[in-house]
Amino acid sequence: MGIELFWDNDDETVILCVFDKELTWDEMFQTFDDIKKVTRNRDSLIGAIIDVSQGVSVPGGSIFNADTRAKAMQMLRMGGEEKGPLAIVGANGFIKSIYHAVGTLDRKAQKDIYFADTLNEARAILSKRLAPERVESVG
């Protein structure tokens, strides 16, 4: 299976990526390329939910491997400056540790990334984050 990709809402403002426990870097980067193709010409910001609640392993083995660290950094930078918010569902302590360790090297890579325990929590985070700012009228 690798990674399954869906629109998570009818407005097509949130993409849901469901990660299988066993995946490869090639599958991950292909999925991110697919997301870029779909969202490239959008006028509105697109959010993403990454569901790793089925468990996920580090492709290529250990995070201490130089190639794995380089690919993890590449993955965190894939969205560039214009990336939308990202909610990660079901991340275990190990994944969060990797996130924080890699983030010490590049704080911009961690911009607009959130952790959630459930899909509904992730949806609530992104709904709030993607909601247009409301201007309150005075009067």
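Below is a summary of the structure that appears in this document. (Residues numbered from 1 in each chain as written. Predicted model: local features only at pLDDT ≥ 70, side-chain atom pairs only at ≥ 80, totals over all residues. Heavy atoms only, no water.)

Describing the overall build of the protein
Along the backbone of the protein there are four helices and five strands. Across the protein, helices and strands are ordered from the amino to the carboxyl terminus as β-β-α-β-α-β-α-β-α. Residue burial in the protein is summarised as follows: out of 139 residues, 36% are buried. Long-range contacts, defined as pairs at least 24 residues apart, comprise 74% of the intrachain contacts of the protein with a sequence gap of at least 6. Just so you have it, the protein exposes about 8700 Å², and 51% of that area is on carbon and sulfur atoms. (Helix = DSSP H or I, 4+ residues; strand = E, 2+ residues; numbered from the N terminus. Buried < 20%, exposed > 50% of the residue type's maximum accessible area, 1.4 Å probe, protein only. Contact = heavy atoms within 4.5 Å. Areas by Shrake-Rupley, 256 points an atom, 1.4 Å probe, with all protein chains shown as cover.)

A look at the pattern of salt bridges
Going through the model one piece at a time under the given rule, you end up with three salt bridges. One salt bridge connects Glu12 with Arg42, and the closest N-O pair in it is separated by 3.1 Å. With Glu12 in the loop between strand S1 (3-7) and strand S2 (14-19) and Arg42 in the loop between helix H1 (25-39) and strand S3 (47-51), this pair connects stretches of sequence that are 30 residues apart. (Salt bridge = Lys/Arg side-chain N within 4 Å of Asp/Glu carboxyl O.)

A word on the nonpolar core
By size, the foremost hydrophobic cluster in this structure holds 17 residues, and its most contacted members are Cys17, Phe19, Met28 and Ile50. Those elements giving two or more residues to this core turn out to be S2 and H1. Here Cys17 is in contact with Ile3, Glu4, Leu5, Thr31, Ile35, Ile49, Ile50 and Asp51, once residues within four sequence places are set aside. One finds Leu16, Val89, Ala122 and Leu126 within the second-largest nonpolar core, a separate group that totals nine residues. (Core = buried A, V, L, I, M, F, W, Y, C linked by side-chain atoms within 4.5 Å.)

Observations concerning the pairing of S1
The sheet contact formed by S1 and S2 spans five bridges and is antiparallel. Within S2, the position partnered with Phe6 by the bridge is Leu16. Between the end of S1 and the start of S2, which pair antiparallel, lie six residues, with Glu12 showing a positive phi angle near 55°. (Pairing = 2+ DSSP bridges.)

Some points on the sheet that holds S1
Here five strands make up an open sheet; going across it, the order is S1-S2-S3-S4-S5 and the pairing mixed. Of all strands in the sheet, those with a lone pairing partner are S1 and strand S5 (113-116), marking the two edges. Sheet twist, expressed as the average angle between the axes of neighbouring strands with direction ignored, equals 20°. In the sheet, S3 pairs with strand S4 (residues 86-89) via four bridges, with the strands oriented parallel. (Axes fitted to C-alpha atoms, helices over the stretch in contact; angles between N-to-C directions.)

A look at the side chain of Asp51
Turning to its location among the elements, Asp51 is positioned in strand S3. Within the local environment of Asp51, its side chain forms a polar contact with the side chain of Ser53, the two groups lying 2.5 Å apart. Residue contacts for Asp51: discarding those within four places in its chain leaves Leu16, Cys17, Val18, Phe19, Val89 and Leu119. (Polar contact = N/O pair within 3.5 Å; in protein donor to acceptor, adjacent residues only side chain to side chain.)

Section: the side chain of Asp112
Locating Asp112 in the fold gives a position in the loop between helix H3 (93-103) and S5. By relative accessible area, which is 13% here, Asp112 ends up buried. Not counting chain neighbours up to four residues away, the residues in contact with Asp112 comprise Gly84, Pro85, Leu86 and Arg129.

Remarks on the pairing of S4
Successive side chains on a regular strand alternate, one facing one side of the sheet and the next facing the other. Direction of pairing for S4 relative to S5: parallel, over a ladder of four bridges. Among the inter-strand pairings, Val89 is bridged to a residue of S5, identified as Ala116.

With respect to the environment of Lys96
Along the chain, the position of Lys96 falls in helix H3. Put simply, Lys96 and Phe115 are 19 residues apart on the chain and 8.5 Å apart in space, counted from C-alpha to C-alpha.

Keep in mind these numbers describe shape, not what the thing actually does.
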